[in-house]
Amino acid sequence: MKLGLALAGGGVKGAAHIGVIKALEENGIKIDAIAGTSIGSIVGSLYAMGYSTEKMLEIFKYFAKEIMKTDARYFAGNLKTSRRLLGYGLLSGENTEIALKECAKAKEIRKLQDIKMPISIPTVDIVESKKYVFTNANFEEDYYINNAYIEKAVRASSSYPRSICTLWIFRS
């Protein structure tokens, strides 16, 4: 029997997903596929890239302060240039992207396709009201994207209007 694990969002509290993975491993339960949204996409992508639960905790501690830096000047600048708040937030999301890119680079991984474990990262296009799933699987449906950089997929899933700036991704 194969097991897939789905990880939810929930902000910093989502780091508890690491404890769940550790408990499953300690009980001999192997995870064959993983999916996650928001913080779940961060934990899920790190696990799928081959990071141990101990290393994931180290990564969280190392990057946590940098990722959560709020820059009022960033938000104020967005208000001056846009009449719509849709897509803007207190956090740029760039630090999350940089952190994931560094983690992927350390494992010699660039895109979702480079990950061996099946992974899915759902997201929503808030302008077009369409769902998309970043994945390393090859599906025919239009809403599956399998040629994305890991950090872009995670940032798109982690974006939350007015909190974390949304990421605009254009399909080629």
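Residues numbered from 1 in each chain as written. Predicted model: local features only at pLDDT ≥ 70, side-chain atom pairs only at ≥ 80, totals over all residues. Heavy atoms only, no water.

### Topic: the pairing of strand β2 (residues 33–36)
Each regular strand displays side chains that alternate between the two surfaces of the sheet.
Logical step 1: Burial of the side chains of β2 is restricted to one face: Ile34 and Gly36 are buried, whereas none of Ala33 and Ala35 on the reverse face is.
Logical step 2: Of the pairings in the sheet, the one linking strand β1 (residues 4–7) to β2 comprises four bridges and is parallel in character. When the bridges of β2 are listed, Leu5 appears paired with Ile34.
Logical step 3: After leaving β1, the chain enters helix α1 (residues 16–26) and then returns to the sheet as β2, a path that is right-handed. (Buried < 20%, exposed > 50% of the residue type's maximum accessible area, 1.4 Å probe, protein only. Helix = DSSP H or I, 4+ residues; strand = E, 2+ residues; numbered from the N terminus. Pairing = 2+ DSSP bridges. Right-handed = clockwise from strand over helix to strand, strands pointing away.)

### Concerning the environment of Phe63
Logical step 1: When you line up the elements, Phe63 lands in helix α3 (residues 53–67).
Logical step 2: Judged by its relative accessible area of 12%, Phe63 falls in the buried class.
Logical step 3: Taking the C-alpha atoms as reference points, Phe63 and Ala99, separated by 36 residues in sequence, lie 6.8 Å from one another.
Logical step 4: Filtering out sequence-adjacent residues up to four positions away, Phe63 remains in contact with Ala99, Glu102 and Cys103. (Contact = heavy atoms within 4.5 Å.)

### Let's talk about the confidence of the model for the chain
Logical step 1: Of the residues in the chain, 75% have a pLDDT of 70 or more, and the chain-wide mean is 80.
Logical step 2: Per-residue pLDDT stays below 50 along residues 73–90; that stretch engages in 35 contacts with residues further than four places along the chain or on separate chains. (pLDDT = per-residue confidence, 0-100.)

### Things to note about the nonpolar core
Logical step 1: Within the largest apolar cluster, 37 residues are counted, with the highest numbers of intra-cluster contacts made by Ile34, Leu46, Met49, Leu112, Ile115 and Ile150.
Logical step 2: Secondary structure elements with two or more residues in this core: β1, α1, α2 (39–48), α3, α5 (94–106), β4 (119–125), β5 (130–135) and α6 (150–158). (Core = buried A, V, L, I, M, F, W, Y, C linked by side-chain atoms within 4.5 Å.)

### Observations regarding the environment of Thr96
Logical step 1: Positionally, Thr96 belongs in helix α5.
Logical step 2: The spatial distance from the C-alpha of Thr96 to the C-alpha of Glu151 is 7.7 Å, given a sequence separation of 55 residues.

### Details of the sheet that holds β1
Logical step 1: Here five strands make up an open sheet; going across it, the order is β1-β2-β4-β5-β6 and the pairing mixed. In the strand order of this sheet, the two ends are held by β1 and β6 (144–145), each with one partner.
Logical step 2: Sheet topology places β4 next to β5; six bridges connect them, and they run antiparallel. Within the sheet, the bridge partner assigned to Ser120 lies in β5 and is Thr135.
Logical step 3: The strands touched by α2 are β1, β2 and β4; relative to β2, the strand with the most contacts, the crossing angle is about 155°.
Logical step 4: Docked against the sheet, α6 engages β2, β4 and β5, running at close to 50° with respect to β4. (Axes fitted to C-alpha atoms, helices over the stretch in contact; angles between N-to-C directions.)

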